[in-house]
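# Coordinate inspection notes
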Amino acid sequence: MLAHLPILQVVLPLMAAPLCWFLNRSKLVWMFALLVCAATSVNSILLLIEVMKSGPIIYELGGWEAPWGIEYRIDQLNAFLLLIISTIGTVVLFAAQTSIQKELDEDRHTLFYSLYLLSLTGMFGIVATGDAFNVFVFLEISSLSAYALIALGRDRRALWAAYQYLIMGTIGATFILIGIGMLYQMTGTLNMSDLATRLVDVGHTRTVFAAFAFLIVGICLKLALFPLHLWLPNAYAYAPSIVTAFLAATATKVAVYLLIRFTFTVFGISFSFTTLPLQSILMVLGLMGVFAASITAIYQQNVKHILAYSSIAQVGYMIIGYSINTSTGVMASLLHLFNHALMKGALFLALGAVMYRIGSVQLSQFQGLGRQMPLTMSAIVIGGLSLIGVPLTVGFVSKWYLLIASVEAGMWPVAVLILLGSLLAIVYIWRIVETAYFRPPLPGREAVKEAPWTFLGPIWLLVIANIYFGIDTRLSVQVAQAASQSLFGINP
């Protein structure tokens, strides 16, 4: 069984998605989907343990050796990503049954769970596969499921948000496919390891340069890097709350993984950062994203919009660490990828609880909620502190390593800008806190109850994780460091 862990990670949710339709009751479908997600989470933990102990795992589909066959290659980097996606997917799904009762028509519940599992399948496939064309196939599975999940929202604007995401996502996927096609034209292979070997001989050609450009732009569209982020705010704001929590904590992380995988593993560090000025371009865009998105978040009236623009800023931080092009910088990006999943998972689930009780996430509706929903609002406060980067939270850990990486590389102005960007987060988080705790409840709305335990359980599990991994950093730092060192060819 251990030998088949890589393929099980993808096959389990893929087979479970159509089986959801054979279960008639919504609660049964939820329990079945939750069981499948929990199984993938256990599977990812076993994979990470095996990779950290014995090194990369190579799984040949059908027994066909690469490059003739398709292989799944699991190393420290993608084992870390599989753990993040599967664990967050499981925790978020725990609250789904309660949330969708209010936000989705009953005849759409089975469709929701089926699409959720398909989206997970696509993300797992993107991360696990060692074949470039399979990346595109799984990207389409994940993206098409995400478009449909967003469109399920009762707000008519959800349909427009899904359409907007569809157009932008299709452009990004097309660019990625064109880039992969050009690489195949020049090398005759789609296996990533084989591509890395053969590109050495043809790396000077214009076709490879064009392929690199298409891939980078396509991936940056998927990860919502400024200024290619326009699809994200409405997609997060008008999707069902559970969908927002799931996508915010996982989708952009997979795109960051793709950026790292193609630039470090396929094209190589020398080509990506020396032959081409990618480092300078992405550093500037990352910093611009932090400030532009944070300032925009300050003026939003919908709390989902506030946190959506915050996500764009956090992607900027990940790209800054990546652009420093040192082992510490990439480690900081991977840490922030993990930590951001915990932060945004908790925050968007808490917004789902607010939506469940009062039917709105407009900032004006948060008046007095600090006293009426104390546990939910406390979770938002702690998640907000983590987002700012206050010590004893996960947000502080990754920003600390970002500062260290900047200083080590002699980029003092970047370190200063990272600190200033964090100060902007204080402003938009304070707007939520001020409204919830320092303004009286709205007239006629004094009887709001606390969120049900099915919401509070997963919310506080993620909140506690925000604090625990902010104090005990051994696991997250060790895995992120091992993944970063493997990318740079450093032996620990």
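The structure displayed is predicted, hence computed values, not measured ones.

For the rest of this paragraph, the subject is the packing of helix α6 (residues 132–151) against helix α11 (residues 241–266). With their axes 12 Å apart at the nearest point, α6 and α11 run at an angle of 160° to one another. One way to sum up the angle between α6 and α11 is to call them roughly antiparallel. In this structure, α6 crosses over α11, and the sense of that crossing is left-handed. Taking contact as the criterion, the partners of Ala132, Val135, Ala146, Leu149 and Ile150 in α6 are, on α11, Val243, Leu247, Leu258 and Phe262.

Regular strands place side chains that alternate from one sheet face to the opposite one. Alternating positions in strand β1 (residues 57–60) separate cleanly, Ile57 and Tyr59 being buried on one face and Ile58 and Glu60 remaining unburied on the opposite face. Alignment of β1 against strand β2 (residues 71–74), held across 4 bridges, turns out to be antiparallel. Across the sheet, the residue bridging to Tyr59 is Tyr72, located in β2.

Moving on, we get to helix α14 (residues 303–324). If you check α14, its first and last C-alpha atoms are 32 Å apart, about what 22 residues at 1.5 Å a residue would give, namely 32 Å. Between the side-chain oxygen at the start of α14 and the backbone nitrogen of Lys304 there is a gap of 2.8 Å, and the oxygen is on Asn302. Following α14 by one or two positions, Asn325 adopts a phi angle in the positive range, close to 60°.

Okay, the packing of helix α1 (residues 5–19) against helix α5 (residues 109–128) next. As a packed pair, α1 and α5 sit with axes 8 Å apart at the nearest point and diverge in direction by 160°. Taken together, the axes of α1 and α5 are roughly antiparallel relative to one another. α1 and α5 meet at a crossing whose hand is left-handed. Seen from α1, the contacting residues are Gln9, Val10, Pro13, Leu14, Ala16, Ala17 and Pro18; seen from α5, they are Ser114, Leu117, Leu118, Thr121, Phe124 and Gly125. Its residues placed into classes, the contact of α1 with α5 shows 9 nonpolar, 4 polar and no charged.

On the surface, Val416, Leu420, Leu423, Ile426, Trp430 and Phe438 cluster together into a nonpolar patch covering about 590 Å² of accessible area. Tracing the sequence through the fold places Val416 in helix α19 (residues 412–438).

On to the packing of aromatic side chains. Evaluated as defined, the whole model comprises 25 aromatic pairs. With 6.0 Å between their ring centres and 40° between their planes, Phe133 and Phe136 make a pair best called tilted. Taken as a pair, Phe133 and Phe136 lie in helix α6 at a separation of 3 residues, close to a single helical turn. Taking relative accessible area as the criterion, Phe133 reaches 36% and is therefore assigned partly exposed. On the basis of relative accessibility, which here comes to 15%, the residue Phe136 falls in the buried class. Note on Trp430 and Phe438: the rings are 5.6 Å apart at their centroids and 45° apart in plane angle, and the pair reads as tilted.

With that settled, consider the environment of Gln362. Checked against the element boundaries, Gln362 lands in the loop between α15 (327–358) and α16 (369–372). Note: C-alpha distance between Gln362 and Val254 (108 residues apart in sequence) is 29 Å. Discounting residues that sit within four places of it in the chain, Gln362 has contacts with Gln301, Asn302 and Val303.

Its 21 residues give helix α13 (residues 278–298) an end-to-end C-alpha distance of 30 Å, which sits within 8% of 30 Å, the value for a rise of 1.5 Å per residue. Those residues of α13 that sit buried are Leu278, Leu282, Met283, Gly286, Leu287, Gly289, Val290, Ala293, Ser294, Ala297 and Ile298. Buried residues of α13, viewed axially, fall in a sector of 155°; they line one side. Where the residues of α13 are buried, they touch α9 (206–222), α11, α12 (269–275), α14 and α19.

How each quantity is defined
Per chain, residue numbering runs from 1 following the sequence as it is written. In keeping with the model being predicted, local features are shown solely for residues with a pLDDT of at least 70 and side-chain atom pairs are shown and tallied solely at 80 or more, while totals for entire chains, interfaces and linings include all residues. Remark: hydrogens and water are excluded; side-chain values derive from all non-hydrogen atoms of the structure. In this analysis an axis means a line fitted to C-alpha atoms, helices contributing only their contacting stretch, and an angle means the value between N-to-C directions, from 0 to 180 degrees. Every helix listed is a DSSP run of H or I at least four residues long, and every strand listed is a run of E at least two residues long, numbered separately from the N terminus. Under this scheme an angle from 65 to 115 degrees is roughly perpendicular, one under 35 degrees roughly parallel, and one over 145 degrees roughly antiparallel; angles in between are oblique. Crossings are classed by handedness, with left-handed meaning an anticlockwise turn of the near helix from the far one by less than a right angle and right-handed meaning a clockwise turn. Contact between two residues is taken to exist if any of their heavy atoms lie within 4.5 Å; hydrogens are not considered. Exposure categories follow from relative accessible area, calculated using a 1.4 Å probe and restricted to protein chains: below 20% of the type maximum is buried, above 50% is exposed, and the middle band is partly exposed. Any two strands are treated as partners once DSSP identifies two or more bridges connecting them. Each residue after the first adds 1.5 Å to the expected span of a helix. Polar contact is the term for a pair of N or O atoms within 3.5 Å; when the atoms are in protein, one must be able to donate a hydrogen and the other to accept it, and sequence-neighboring residues count only if both atoms are side-chain atoms. Under the grouping applied here, Gly and all other residues not named as nonpolar or charged are polar, the nonpolar ones being Ala, Val, Leu, Ile, Met, Phe, Trp, Tyr, Cys and Pro and the charged ones Asp, Glu, Lys and Arg. Each patch is built from residues that are more than 30% exposed by relative accessible area and take part in no salt bridge. Like charges join if they lie within 9 Å; nonpolar side chains (Val, Leu, Ile, Met, Phe, Trp, Tyr) join within 5 Å. Only the protein chains shown count as cover for residues, with accessible areas throughout obtained via the Shrake-Rupley method and a probe of 1.4 Å. We count a salt bridge whenever a side-chain nitrogen from Lys or Arg sits within 4 Å of a carboxyl oxygen from Asp or Glu. Pairs were defined over the aromatic rings of Phe, Tyr and Trp, the Trp ring being its six-membered one, requiring ring centres within 6.5 Å. Orientation was assigned from the angle between planes: stacked under 30 degrees, edge-to-face over 60, tilted for the rest. It is the directions from the helix axis to the C-beta atoms that the arc portrays.

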